Amino acid sequence: MSEQRAGGVRTIVVTYFPMFIATLSLVTAIFNGYLNSKFLDIIQRNVARGEYMRTCKEVIDAYFLIKARVKLMGDAREREGRAADTSSPYYVEAVSAVSRFGALGTYLANLRDEKVRARYTDLTDRLQAIVREAAEARGAPDKLFAPADEIFAEMNDDCVKSAKNAPL
């Protein structure tokens, strides 16, 4: 009788132990898939956040490049005693910098709501007007930028807040 019990236990172990191992493997595979999807989500959000921050940095760079180009236009106007024309290299570079700012601003605005998009568009339009006014010698460059500086400061703060609030 004891041989029958030993044989029955052996049959149970041989039959159910592999099923138990297979079940553990299945649970482990499901959990591993879950962890991989979470890890992939974290990586994607981190890449998006990094891209957003890089674009914010480039927008800041483009804005100050515009200011530098307009200042150079003003300095050339004082040196030459006349307003810059549209073929002036400083004017061309300033217009190009405004275009770059507009492109980067559009990219950032597309990631946000309509209100932010309108602010970027408004700032780009103001920067284009500032470049035209500076080329026509209608004001000191520093005074021309005063309203744009206020909008840019708000947008810069918004850019930083948005990047910091982005979930990791």
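S.K.: Please explain the packing of helix 3 (residues 114-135) against helix 5 (residues 146-165) as it appears in this structure.
M.R.: The axes of two packed helices give the description: the angle between them and the distance between them. Across the interface, helix 3 lies against helix 5 with an axial gap of 10 Å and an inter-helix angle of 145°. Crossing of helix 3 over helix 5 shows left-handed handedness. Between helix 3 and helix 5, the residues in contact are Val-116, Arg-119, Tyr-120, Asp-122, Leu-123, Arg-126, Leu-127 and Ile-130 and Pro-147, Ala-148, Ile-151, Phe-152, Glu-154, Met-155 and Asp-158, respectively. Class assignment for the residues of the contact of helix 3 with helix 5 results in 10 nonpolar, no polar and five charged.

S.K.: Which parts of the structure should I look at to understand the pattern of salt bridges?
M.R.: Oppositely charged side chains may form a pair once their charged atoms are brought near each other. Counting across every chain of the model gives nine salt bridges. Between Arg-100 and Asp-61 there is a salt bridge, with the nearest N and O atoms lying 3.8 Å from each other. In this pair, Arg-100 sits in helix 2 (residues 89-110) while Asp-61 sits in helix 1 (residues 2-80), placing the two residues 39 residues apart along the sequence. With a closest N to O distance of 3.3 Å, Asp-122 and Arg-126 form a salt bridge.

S.K.: Would you take a moment to explain helix 5 for this structure?
M.R.: A turn of α-helix holds 3.6 residues, and therefore any two residues three or four places apart point the same way. Between its terminal C-alpha atoms helix 5 stretches 29 Å, which fits the 28 Å expected from 20 residues at 1.5 Å a residue. Every buried residue of helix 5 is listed here: Ala-148, Ile-151, Phe-152, Met-155, Asp-158, Cys-159, Ser-162 and Ala-163. Here the buried residues of helix 5 occupy an arc of 130° about the axis, which is enough to place them on one side. Structural note: helix 5 exposes Glu-150, Lys-161, Lys-164 and Asn-165 on the side pointing more than 90 degrees away from its buried face.

S.K.: I tried to follow the nonpolar core on my own but got confused; where do I start?
M.R.: Soluble globular proteins tend to bury their nonpolar side chains together. In terms of nonpolar packing, the biggest core is built from 32 residues, with Ile-66, Phe-101, Leu-123, Leu-127, Val-131 and Phe-145 touching the most fellow members. Contributions of two or more residues to this core are made by helix 1, helix 2, helix 3 and helix 5. Excluding residues within four positions of it along the chain, Leu-123 makes contact with Phe-101, Ala-148, Ile-151, Phe-152 and Met-155.

S.K.: Can you walk me through the side chain of Asp-158 in this structure?
M.R.: Checked against the element boundaries, Asp-158 lands in helix 5. Asp-158 sits in the buried class, given a relative accessible area of 17%. Ignoring sequence-local partners within four residues, the contact set of Asp-158 consists of Arg-112, Val-116 and Arg-119.

S.K.: In this structure, what is going on with the packing of aromatic side chains? I would like to understand it.
M.R.: The relation between two aromatic rings is expressed through the spacing of the ring centres and the mutual angle of the planes. For the structure on display, the rule yields six aromatic pairs. Ring geometry for Tyr-63 against Phe-101: centres 6.1 Å apart, planes inclined by 55°, an arrangement best described as tilted. Placement of the pair is Tyr-63 in helix 1 and Phe-101 in helix 2, with a sequence separation of 38 residues. The exposure class of Phe-101 is buried, given its relative accessible area of 0%. These aromatic residues form a ring-pair network of at least three members: Tyr-63, Phe-64, Phe-101, Phe-145 and Phe-152. One Lys or Arg, Lys-67, reaches over the ring of Phe-145 and ends 5.5 Å from the middle of that ring.

Cut-offs applied
Residues numbered from 1 in each chain as written. Predicted model: local features only at pLDDT ≥ 70, side-chain atom pairs only at ≥ 80, totals over all residues. Heavy atoms only, no water. Axes fitted to C-alpha atoms, helices over the stretch in contact; angles between N-to-C directions. Helix = DSSP H or I, 4+ residues; strand = E, 2+ residues; numbered from the N terminus. Left-handed = near helix turned anticlockwise from the far one by under 90°. Contact = heavy atoms within 4.5 Å. Nonpolar A, V, L, I, M, F, W, Y, C, P; charged D, E, K, R; others polar. Salt bridge = Lys/Arg side-chain N within 4 Å of Asp/Glu carboxyl O. Expected span 1.5 Å × (residues − 1). Buried < 20%, exposed > 50% of the residue type's maximum accessible area, 1.4 Å probe, protein only. Arc of directions from axis to C-beta. Core = buried A, V, L, I, M, F, W, Y, C linked by side-chain atoms within 4.5 Å. Phe/Tyr/Trp six-rings, centres within 6.5 Å; stacked < 30°, edge-to-face > 60°. Lys NZ or Arg CZ within 6 Å of the ring centre and 35° of its normal.

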